[in-house]
Amino acid sequence: MRTHAGWKVPSPTRMMAELGEADEAELQRLVAAEQQKAQFTAQVHHFMELCWDKCVEKPGNRLDSRTENCLSSCVDRFIDTTLAITSRFAQIVQKGGQ
């Protein structure tokens, strides 16, 4: 057991061993949720790079109307696609749960 600021802190392995099945399942659920958030964030960053590369020819102090319209359309397509995929995934999950 290690100490930190005067407190005895058990090792992560020991802490995991002491978790009950319900606690372990909850921890796995939380880890999975955090992994999904990280994956979504990475996808958003990738998407932003794609839209930037497609729409912005020369960065400046302001966006011209063509660039602004291109970025808006690109974002709209991303949102529509994300909603369609999410809806389809929810249908698959619902069918699997029945």
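Above this text you will find the structure in question.
Only a predicted model underlies this, so the values are computations on that prediction, with no experimental measurement involved.

Q: Help me understand the overall build of the protein in this model?
A: The secondary structure content of the protein amounts to three helices and two strands. Taken over 98 residues, the protein has a buried fraction of 8%. Across the protein, every contact between residues at least 6 apart in sequence was considered, and the portion connecting residues at least 24 apart equals 16%. Accessible area of the protein: about 8800 Å², with a carbon and sulfur share of 57%.

Q: How should the packing of aromatic side chains be read in this particular structure?
A: Centre-to-centre distance and the angle between the planes together describe a pair of aromatic rings. Applying the stated criterion to the full structure yields one aromatic pair. When the centroid spacing of 4.0 Å and the interplanar angle of 25° are considered together, the rings of Phe-47 and Phe-78 count as stacked. On the criterion of sequence distance, the pair formed by Phe-47 in helix H2 (residues 21–55) and Phe-78 in helix H3 (residues 65–97) is long-range, its members being 31 residues apart. Using a relative accessible area of 14% as the deciding quantity, one classes Phe-47 as buried.

Q: Help me out: how do you make sense of the nonpolar core in this one?
A: The nonpolar side chains of soluble globular proteins are, as a tendency, buried together. Within the largest apolar cluster, seven residues are counted, these being Phe-47, Cys-51, Cys-55, Val-56, Cys-70, Leu-71 and Cys-74. Of all the secondary-structure elements, those providing two or more residues to this core are H2 and H3. Not counting residues up to four positions away in its chain, the partners in contact with Phe-47 are Cys-74, Val-75 and Phe-78.

Q: Help me understand a nonpolar patch on the surface, please; the structure alone is not making it clear to me.
A: Side chains of Val-75, Ile-79 and Leu-83 sit close together on the surface and give an oily, nonpolar patch of about 250 Å² of accessible area. By relative accessible area, Leu-83 is classed as exposed at 55%.

Definitions and limits used
- Residues numbered from 1 in each chain as written.
- Predicted model: local features only at pLDDT ≥ 70, side-chain atom pairs only at ≥ 80, totals over all residues.
- Heavy atoms only, no water.
- Helix = DSSP H or I, 4+ residues; strand = E, 2+ residues; numbered from the N terminus.
- Buried < 20%, exposed > 50% of the residue type's maximum accessible area, 1.4 Å probe, protein only.
- Contact = heavy atoms within 4.5 Å.
- Areas by Shrake-Rupley, 256 points an atom, 1.4 Å probe, with all protein chains shown as cover.
- Phe/Tyr/Trp six-rings, centres within 6.5 Å; stacked < 30°, edge-to-face > 60°.
- Core = buried A, V, L, I, M, F, W, Y, C linked by side-chain atoms within 4.5 Å.
- Patch = residues over 30% accessible without salt bridge, like charges linked within 9 Å, V, L, I, M, F, W, Y side chains within 5 Å.
- Salt bridge = Lys/Arg side-chain N within 4 Å of Asp/Glu carboxyl O.

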